[in-house]
Every structure is written in C-alpha cells, then in structure tokens.
Amino acid sequence: MKESLEKDLEKLEKMQASFESQKEALSETLTQKQAEVANLDQELQAAIAQAAAEEEARRKAAEEVQRKAAEEAASKESASNSNTTSGQGSTSGNQTSGNTASGNTTNRPSGGGTSNTNKNDTAEKPSTSKPSASKPSTGSGSNTSTSTGNTSAASRIVSAARSCLGTPYVWAGNTPGVGLDCSGLVKYCHSVAGISVDRTSSLLGAGGRAVSSPQPGDVVCYPGHVGIYIGGGQMIHAPQPGDVVKISSVYSCGTPWYRRYW
C-alpha cells in the first residue's frame, strides 16, 4: 500500500514539473505576442498619421491650384472688362458720328446718280442665337441687346459663382459646397443678386433677353446646359457627374448663345 502511494506521489510530482515547464513556455509566448501586438499598433498609428498627412498635402495642393486658377481668371476678367470698356467707348463715338452722317444723307433729295448709303443703315446681321431658344424681349422692340444692365447685380452673380468653385456635381443639386447641377448653379448665383430665374437649362436659355456681346454675369447657354459667363471667353459651370463646379472655356461645350437677367 505504501509503495503504491509513493509511486502515485512520484507520478504527481513529475506531472507538476511538466505543468510548470509548460506554464513557463506559455508565459514566454504570451509576452512575445503582446510585444508583437504593441509593435503592430505602433505601425498602424504611424500609417494612419502618414495617410492623414498625405491627404492634407493633397488638399492643400488642390486648394493652391484652385486659387491660382481663380486669380488667373480674375486677371483675365479684369483685362477683358478693361478692353470691353475701351471698345464700347470707341464704338459709341463712331456710332454717333455715323448717325449724324446718315441723317444728313437722308435730308438730301434723291438724285439720278449713284446712291450714297451710310454703313449704319445696313441691316444688322442675324444673331447666332438658336431661334428655338429665343423669346421676344419684353423691354424693347429688339430681341438682341448690347446695353449694360445692373452691373452691381452682375458682379454679385459672378462672385457667387466663384464661391461655388469645387462643389461636386449633383443632379438636381441646389446647395453650394454640397452639390449643384448646371441650372442649380445659375439659379443660386442669381438668387444671391436678388434675381429669380427658372430652374431648367431649356427655360434659362430662352428667358431674359438675348445679348450679342456677353458681359460677366450673363448666362452661357447650350442645348441642355448653362453656365455663368465671367469674361475673357470663360465661364463657371457644373459640367457633369463625377466632376466639380469649375472654370472652362465657353467653347468647351459647343457654340453658345447668351441671355441676360440683370
């Protein structure tokens, strides 16, 4: 009996020694794994910080490109406005002189010789605006106007358009900074100037009054698309899904016509 108990005790002592050895090995493995987890956590935090830094760098680069584009557009607009003002002054003087000459010619009795017809009596060339998109002007007898309207309102329209640069294109979107489509952009910019306009490109292309010499603040019109003219042959528009509100040439979407609401 005693021998049996001693043998059992010896077995238990061996098992205890084995368990102690396994416990020590497991403890070492656990410590090693904890160190590996800590290293992985550090690497993850470093990767997150690097990704955030890269994203910030990309955002700043995009803002810088947008700022330079806006400055360039503003410079071109300023130069265009200066040239337009100079050209209008010259044209006004020539027209006054021409009208005086035309009046003198009309008062003379007609003779049998060759007729002396002044160039100002020649009919104006037809507008390049699409007939189907034009409506008769409610303010005068002519459908095409080159007169200057409320330039203060036009300036607010252009400023509002510039404030929307970078806004994602969203069909039927009406919110700057969140989402705009082409007619939503035009409607918003006019609302900033206190002007109510239609919400669809087809109605915008047929409303207001047609202009043959566009000025900043006019609506640039195409079949199914509109934008805001900013001068220098450029416009601000919301092009298409996947794009953003940006500055483009007025001829990037085809041959435009122009309507004025200010």
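Given the structure is predicted, the values throughout are model-derived calculations rather than measurements. (Residues numbered from 1 in each chain as written. Predicted model: local features only at pLDDT ≥ 70, side-chain atom pairs only at ≥ 80, totals over all residues. Heavy atoms only, no water.)

**Some words on the confidence of the model for the protein**
Parts of the prediction with low pLDDT should not have their coordinates interpreted in detail. Mean pLDDT over the protein works out to 75, with 68% of the residues at or above the 70 mark. Here strand E1 (residues 144-145) is the element of the protein with the lowest mean pLDDT, 50, and strand E7 (residues 234-237) is the one with the highest, 98. (pLDDT = per-residue confidence, 0-100. Helix = DSSP H or I, 4+ residues; strand = E, 2+ residues; numbered from the N terminus.)

**A closer look at the environment of Val-250**
Positionally, Val-250 belongs in the loop between strand E8 (246-249) and strand E9 (257-260). A relative accessible area of 1% means that Val-250 is categorised as buried. Separated by 16 residues in sequence, Val-250 and Gln-234 have C-alpha atoms that sit 5.2 Å apart. (Buried < 20%, exposed > 50% of the residue type's maximum accessible area, 1.4 Å probe, protein only.)

**Overview of the side chain of Ser-248**
Position of Ser-248 relative to the elements: it lies in strand E8. Within the structure, the side chain of Ser-248 is placed 2.9 Å from the side chain of His-237, a separation counted as a polar contact. Apart from the residues within four sequence positions on either side, Ser-248 is in contact with Gly-233, Gln-234, Met-235 and His-237. (Polar contact = N/O pair within 3.5 Å; in protein donor to acceptor, adjacent residues only side chain to side chain. Contact = heavy atoms within 4.5 Å.)

**Concerning the nonpolar core**
Ranked by size, the top nonpolar core spans 29 residues in total, and within it Ile-157, Leu-185, Cys-189, Ile-195, Val-226, Ile-236 and Val-245 carry the most contacts. Among the elements of the structure, helix H2 (151-163), helix H3 (182-192), strand E5 (219-222) and strand E6 (225-231) are those that each provide at least two residues to this core. It is H2 that contributes the most residues to this core, six residues altogether. Beyond its immediate stretch of four places on either side in the chain, Leu-185 contacts Cys-164, Leu-180, Ile-236, His-237, Ala-238 and Val-245. Residues Val-211, Val-220, Tyr-222 and Tyr-229 belong to the second largest nonpolar core, which totals seven residues. (Core = buried A, V, L, I, M, F, W, Y, C linked by side-chain atoms within 4.5 Å.)

**Focus: the pattern of salt bridges**
One pass over the structure, following the stated rule, counts four salt bridges. Ionic pairing is found between Glu-36 and Lys-33, a salt bridge with its closest N-O pair at 3.7 Å. Of this pair, Glu-36 and Lys-33 both sit in helix H1 (residues 2-107), separated by three residues, roughly a single helical turn. Residue classification places Lys-33 among the partly exposed positions, given a relative accessible area of 43%. Residues Asp-181 and Arg-199 are paired through a salt bridge, measuring 3.1 Å at the closest nitrogen-oxygen approach. Of the two residues, Asp-181 is situated in the loop between strand E3 (179-180) and H3 and Arg-199 in the loop between H3 and helix H4 (201-204); the sequence distance between them amounts to 18 residues. Residue classification places Arg-199 among the partly exposed positions, given a relative accessible area of 24%. (Salt bridge = Lys/Arg side-chain N within 4 Å of Asp/Glu carboxyl O.)

**A few points about unusual backbone geometry**
Located in the positive-phi region is Ala-172, a residue other than glycine, with phi close to 65 degrees. On the secondary structure map, Ala-172 appears in the loop between H2 and strand E2 (174-175). Ala-172 sits in the partly exposed class, given a relative accessible area of 34%.

**Thoughts on the pairing of E9**
Covered by surrounding structure in E9 are Trp-257 and Arg-259 together with Tyr-258 and Arg-260, the residues of both alternating faces. Sheet topology places strand E4 (residues 209-211) next to E9; two bridges connect them, and they run antiparallel. Residue pairing in the sheet places Ala-210 in a bridge with Arg-259 of E9. Relative to E9, E5 is paired through three bridges, and the arrangement is antiparallel. By the bridge assignment for E9, Val-220 is matched with Tyr-258. (Pairing = 2+ DSSP bridges.)

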